[in-house]
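# Close look at the chain arrangement
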Amino acid sequence: QLQFVESGGGLVQPGGSLRLSCAASGFTLDYYTIGWFRQAPGKEHEGVSCIDSGGATFYASSVKGRFTISRDNVKNTVYLQMDSLKPEDTAVYLCAASQTKSCHWTNYVYWGQGTQVTVSS
C-alpha cells in the first residue's frame with residue numbers, strides 16, 4: 001500500500017518552531033509534487049506549501065517567510081520547517097502527493113492522515 005507516515009506535530013508556544021516530517025512508503029517521492037495542507041476546526045481545507053519534483057517551491061501568503069518545505073529523496077521524506085508559529089497556525093497538517101509536475105492545490109492522489117499542530121501560550 002502507498003502511504004505517508006507523518007510526525008513532528010505537537011504543542012508549541014507562539015513564536016516557537018516545529019519540523020514536520022512526511023515519510024513515504026510503498027512508492028518513491030522523486031517524481032511527485034508534494035504538498036502540505038492544513039485543516040482547522042471551522043476553516044476550509046487550505047494548501048500551505050508545495051514542492052515539485054525539480055525542487056521548486058510555493059507557499060501560501062499566510063506562511064511565506066515563516067515556513068520552509070524541503071525534500072530528501074534519499075530518505076524518501078518531505079519536511080515542513082515551521083518557524084515563528086502563530087496561534088492561527090493551529091491545525092491538523094497533512095501531506096499529499098500528486099503526479100502533476102508543478103505546484104498546485106488540486107489533484108493529489110495519496111494523503112497522509114495528518115499530525116496535530118497546536119500553537120498556544
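Whatever comes next refers back to the structure up there.
Below you will find a few notes about this structure. (Residues numbered from 1 in each chain as written. Predicted model: local features only at pLDDT ≥ 70, side-chain atom pairs only at ≥ 80, totals over all residues. Heavy atoms only, no water.)

## Regarding the overall build of the chain
Per the secondary structure count, the chain includes 0 helices and 11 strands. At 13 Å, the chain has a C-alpha radius of gyration in line with the 14 Å of a compact globule built from 121 residues. For the chain, buried positions account for 44% of its 121 residues. (Helix = DSSP H or I, 4+ residues; strand = E, 2+ residues; numbered from the N terminus. Rg over C-alpha atoms; globule rule 2.2 N^0.38 Å. Buried < 20%, exposed > 50% of the residue type's maximum accessible area, 1.4 Å probe, protein only.)

## Let's talk about the environment of proline 41
Within the secondary structure layout, proline 41 lies in the loop between β4 (33–39) and β5 (46–51). For the pair proline 41 and glutamine 1, spaced 40 residues apart in the sequence, the C-alpha separation amounts to 29 Å.

## Some words on the state of the cysteines
Within this structure, the stated rule accounts for 2 disulfides. With a sulfur-sulfur separation of 1.8 Å, cysteine 22 is cross-linked through a disulfide to cysteine 95. On the sign convention where negative is left-handed, the bridge of cysteine 22 and cysteine 95, at about 65° about the S-S bond, is right-handed. Taken together, the positions of cysteine 22 in strand β3 (residues 18–25) and cysteine 95 in strand β9 (residues 91–98) put the pair 73 residues apart, joining distant regions of the chain. The residues cysteine 22 and cysteine 95 share a single accessibility class, namely buried. Here cysteine 50 engages in a disulfide with cysteine 103; their sulfurs sit 2.3 Å apart. You can see cysteine 50 sitting in strand β5 and its partner cysteine 103 sitting in the loop between β9 and β10 (110–111), a full 53 residues away along the chain. Judged by relative accessible area, which is 26%, cysteine 103 ranks as partly exposed. Among the cysteines of the chain that take part in disulfides, numbered as they appear in the sequence, the pairing is 1-3, 2-4. (Disulfide = S-S within 2.5 Å.)

## Examining the pairing of strand β7 (residues 67–72)
Only one face of β7 is covered, namely the face carrying Phe67, Ile69 and Arg71; the face carrying Thr68, Ser70 and Asp72 is uncovered. Pairing of β7 with strand β8 (residues 77–82), which is carried by 6 bridges, proceeds in the antiparallel orientation. In the sheet register, arginine 71 faces β8, and the bridge partner there is valine 78. In sequence, β7 turns back onto β8 through a hairpin of 4 residues, with asparagine 76 there showing a positive phi of about 55°. (Pairing = 2+ DSSP bridges.)

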